[in-house]
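So the chains spell out like this:
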Amino acid sequence: MKRTRIELDEIASWHNLNLALERAARGKRYRPEVMAFLESADVNLATLQSQLLAGTVPLGNMTRFHIRDPKPRVIHAPCFQERILHHAIMAHVGPVLERALVDDTFACRTGKGTLAAVQRSQHHVRRFPWYAKLDIRQYFASVDHEILKGQLRRRLKPGPLLTLLDRIIDAHQDAPGKGLPIGALTSQVFANFYLTPLDRFLLETCKVAGMVRYMDQRAHPCKNLRL
């Protein structure tokens, strides 16, 4: 498998950080935390850039709160600077992990949202007389850090970027060595990518004729796996 090299300089480029700032602030510009960052945006971005290149960027500063949607969930929302960092990383890492996904993995992907998942499910229902509906219980909390890191190393070449991704993964634990925080952009992308071996096992080894894996786009657990 050919691995992709992404240098930390690419993540920390001024252009990439400014684009990440725009994405992170979209729809949130009047929140106090965002307004405070934007008041000295150049200075704050320069600080983030230097910390990123030095390997000292702070991680794990999250606001924890509960929602009911419809069942109770615990959300961990990263601070605004960390959200900018996540957008900057995923601008380069996201497309690499996207290429690993099968077509029938939905959510957190352009053109692969809820409507596309429903239409694909309906397509399969019209073709086959039965289906299995599976739900992965506590999916985000069950993601194994070492397995995820190993999967990333099969897609990305060794270097400071992988060290940074390791730090992001280890910054949150629901149990020793397990769990991704619901509410972070990196979690959405990693959670979608993590089950790719299962997708390929079902399609290539088990020869499943039709499948839809769906994870809703608010970084909630992978909801439906239809065979």
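Refer to the structure above for everything that follows.
Nothing here was measured: the structure is a model prediction, and the numbers come from that model.

Enquirer: Which residues make up the nonpolar core, and what values go with them?
Expert: Where a protein is soluble and globular, its nonpolar side chains tend to be buried together. If you look at the biggest cluster of nonpolar residues, it comprises 54 residues, and the most contacted ones within it are Ile84, Ile89, Leu148, Leu152, Leu165 and Phe190. Broken down by element, the residue count for this core peaks at nine residues, all from helix H5 (residues 80–98). The residues contacting Ile89, other than those within four sequence positions of it, are Ile11, Gly94, Leu164, Leu165 and Ile168.

Enquirer: Requested: an account of the side chain of Lys112, with residues and values cited.
Expert: Assignment of secondary structure puts Lys112 in the loop between strand S3 (105–106) and helix H6 (114–127). At 2.5 Å, the side chain of Lys112 and the backbone oxygen of Asp103 are in polar contact. When near neighbours in sequence (up to four residues on either side) are disregarded, Lys112 contacts Asp103, Thr105, Phe106 and Ala107.

Enquirer: I'd like a description of the pairing of strand S2 (residues 72–78), backed by residues and values.
Expert: Strand direction decides the pairing type here: strand S1 (residues 62–68) and S2, joined by seven bridges, are antiparallel. Bridged to Thr63 within S2 is Ala77. Between S1 and S2, which pair antiparallel and follow one another directly, the connecting turn spans three residues.

Enquirer: Break down the packing of aromatic side chains for me, with residues and values.
Expert: Applying the stated criterion across every chain yields a total of three aromatic pairs. Ring geometry for Tyr139 against Phe140: centres 5.9 Å apart, planes inclined by 85°, an arrangement best described as edge-to-face. Taken together, the ring pairs connect Tyr139, Phe140 and Tyr194 into an aromatic cluster. Lys112 extends its terminal NZ or CZ atom over the ring of Phe106, reaching a point 4.9 Å from the ring centre.

Enquirer: Quick one: what's the story with the pattern of salt bridges, residue by residue and with numbers?
Expert: Scanning all chains against the criterion turns up 10 salt bridges. In this structure, the salt-bridge partner of Lys149 is Glu146, at a minimum N-O distance of 3.4 Å. Within this pair, Lys149 and its partner Glu146 are both found in helix H8 (residues 145–153), separated by three residues, close to a single helical turn. For Glu146, a relative accessible area of 54% gives the class exposed. As a salt-bridge pair, Arg153 and Asp166 come within 2.5 Å of each other at their nearest N and O atoms. Placement of Arg153 in helix H8 and of Asp166 in helix H9 (residues 160–170) is noted, with a sequence separation of 13 residues between them. Asp166 gets classed as buried once you look at its relative accessible area, which sits at 15%. Where salt bridges share partners, they join Glu146, Lys149 and Asp170 into one cluster.

Rules used throughout
- Residues numbered from 1 in each chain as written.
- Predicted model: local features only at pLDDT ≥ 70, side-chain atom pairs only at ≥ 80, totals over all residues.
- Heavy atoms only, no water.
- Core = buried A, V, L, I, M, F, W, Y, C linked by side-chain atoms within 4.5 Å.
- Buried < 20%, exposed > 50% of the residue type's maximum accessible area, 1.4 Å probe, protein only.
- Helix = DSSP H or I, 4+ residues; strand = E, 2+ residues; numbered from the N terminus.
- Contact = heavy atoms within 4.5 Å.
- Polar contact = N/O pair within 3.5 Å; in protein donor to acceptor, adjacent residues only side chain to side chain.
- Pairing = 2+ DSSP bridges.
- Phe/Tyr/Trp six-rings, centres within 6.5 Å; stacked < 30°, edge-to-face > 60°.
- Lys NZ or Arg CZ within 6 Å of the ring centre and 35° of its normal.
- Salt bridge = Lys/Arg side-chain N within 4 Å of Asp/Glu carboxyl O.

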